[in-house]
Amino acid sequence: MTRFFTTIDALSDDDLAAIYSLATSPFDDETLKGQGVALVFERPSLRTRASSSAAVHELGGFATFFSDEEIGLDSRESVEDIGRTLAETCAIAALRVRRHDVFTRMREVTGERLALINLLSNLAHPTQAVADVLTIADEFTKGDVTKLAGLEVAYVGDATNVTRSLAVALLRLGVNVSVGAPSSYQLAKDQVEDPFAVTGGGTLRLTESPEDAVKNADVVYTDAWVSMGAEAETDERRRELAAFQVNQRLMDEAKDSAIVLHCLPAHRGDEITSEVLDGERSRVWRQVFHRRSAMLGVLRWIKGEL
Ligand code: CP
């Protein structure tokens, strides 16, 4: 049976447990032996591209990178025809796309012939969320993701695709999530990767006060104020989000033991100060380390190791 990793909320608890386990357990170079993985990027990337390429290679496969300029989803060729082509030549297609419905459209025409991985869409960044969970577990529960329930995680700033996947993943594990953002930058209910739809896990709290969001937080998380594609709004966003900067003053409102996460790239002096990003509470480079762990887990799960 072909597996798909497009959002956290499409996965069962057993699937997620398998991915977290496979991310950090010993592996060999047989899983993808001789198999091709297409890495398609409609948007720029450093961490996702580097970690995906490394994980594919370590599992014995070979990765081929395609930029938007080369294959042009819906400009040079339709998404459907690109999917049909990749299904004839690769085992897995991993894509960073502007519109989440690319995954639905590709799956409709390739069916069971092509496994798909979401490397970021406008609605979700699930491989980042897996890395974030692993990083938080390293810090608080010696790597055991099943023991995270009750932790307090605050996300501050522009609630993005990263926030959605992070919140769904954490809430599913019983972690309480607070999102501090101006109302027009807050989480919205949507059809996929919807934190509001998680039941029976942690609590989701929205606030317009950054201080309220981080009060009692074990983890303070932020992301860029100007996401890819929103560059024309840079000045407006800087103005409207200025009070949500993660700086020393805001960190003083969190627990003394609180750590800081950022999915990167960081914009020093905007959403986070260098003092905090480079400070002793920062775990951002451990997050980067776990981007590779996350890809190993996702690829091994896709290939049915658990
Ligand atoms: N966090 C993240 O996805 O980084 P890149 O955009 O560099 O891949």
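Residues numbered from 1 in each chain as written. Predicted model: local features only at pLDDT ≥ 70, side-chain atom pairs only at ≥ 80, totals over all residues. Heavy atoms only, no water.

1. Observations concerning helix H2 (residues 47-58)
Over its 12 residues, H2 runs 16 Å from end to end, which matches the ideal 16 Å to within 8%, given 1.5 Å per residue. Along H2, the residues classified as buried are Arg47, Thr48, Ser51, Ser52, Ala55 and Val56. The buried residues of H2 occupy an angular sector of 145 degrees when projected down its axis, which confines them to one face. Contacts from the buried residues of H2 go to strand S2 (36-41), strand S3 (62-67), strand S4 (92-96) and helix H12 (284-302). (Helix = DSSP H or I, 4+ residues; strand = E, 2+ residues; numbered from the N terminus. Expected span 1.5 Å × (residues − 1). Buried < 20%, exposed > 50% of the residue type's maximum accessible area, 1.4 Å probe, protein only. Arc of directions from axis to C-beta. Contact = heavy atoms within 4.5 Å.)

2. Let's talk about the packing of aromatic side chains
Here the structure, examined in full by the defined rule, presents two aromatic pairs. The positively charged end of Arg107 is found above the aromatic ring belonging to Phe4, 3.6 Å away from the centroid. Just above the ring of Phe196 sits the side chain of Lys189; from NZ or CZ to the centre is 5.4 Å. (Phe/Tyr/Trp six-rings, centres within 6.5 Å; stacked < 30°, edge-to-face > 60°. Lys NZ or Arg CZ within 6 Å of the ring centre and 35° of its normal.)

3. Quick look at the sheet that holds strand S5 (residues 115-118)
The strands making up a sheet are joined through hydrogen bonds of the backbone, oriented either antiparallel or parallel. What the five strands build is an open sheet, ordered S1-S5-S4-S2-S3; its pairing is parallel. A strand with exactly one partner marks an edge of an open sheet, and here the two such strands are strand S1 (4-5) and S3. Where S1 meets S5, two bridges bridge the pair, whose relative direction is parallel. Opposite Phe4, over in S5, you have Leu116 as the bridge partner. Its contacts with the sheet place helix H5 (residues 101-110) against S1, S4 and S5, and it is angled at close to 175 degrees to S5. (Pairing = 2+ DSSP bridges. Axes fitted to C-alpha atoms, helices over the stretch in contact; angles between N-to-C directions.)

4. Topic: the site of the ligand
Taken together, Ser45, Leu46, Arg47, Thr48, Arg96, His125, Gln128, Cys263, Leu264 and Arg291 make up the full set of residues adjacent to the ligand. Note that an oxygen atom of the ligand is positioned 2.7 Å from one of the backbone N or O atoms of Leu46. Isolated, the ligand exposes 250 Å² of accessible area, and the fraction of that covered by the protein chains is 95%. Partitioned by chemical class, the residues of the shell around the ligand number three nonpolar, four polar and three charged. (Near = heavy atom within 4 Å. Polar contact = N/O pair within 3.5 Å; in protein donor to acceptor, adjacent residues only side chain to side chain. Areas by Shrake-Rupley, 256 points an atom, 1.4 Å probe, with all protein chains shown as cover. Nonpolar A, V, L, I, M, F, W, Y, C, P; charged D, E, K, R; others polar.)

5. A word on the side chain of Ser67
By secondary structure assignment, the location of Ser67 is in strand S3. Residue classification places Ser67 among the buried positions, given a relative accessible area of 14%. Only 3.3 Å separates the side chain of Ser67 from the side chain of Glu69, close enough to count as a polar contact.

6. Re the environment of Arg164
With respect to the helices and strands, Arg164 occurs in helix H7 (residues 161-172). Residue class for Arg164 comes out buried when judged on its relative accessible area of 6%. Along the sequence, Arg164 and Phe196 sit 32 residues apart, while their C-alpha atoms lie 9.5 Å from each other. Apart from residues no more than four positions distant in its own chain, Arg164 is found in contact with Leu123, Leu187, Ala188, Asp190, Val192, Glu193, Asp194 and Pro195. In terms of polar contacts, Arg164 uses its side chain to reach the backbone carbonyl oxygen of Ala188, at 2.9 Å.

7. Quick word on the nonpolar core
One finds Phe5, Tyr20, Ile117, Leu148 and Leu299 to be the most contacted residues of the largest nonpolar core, which totals 59 residues. With near-sequence residues (within four places) excluded, Ile117 lies in contact with Phe5, Ile92, Ala93, Ala94, Leu95, Phe103, Thr127, Met295, Val298, Leu299 and Ile302. (Core = buried A, V, L, I, M, F, W, Y, C linked by side-chain atoms within 4.5 Å.)

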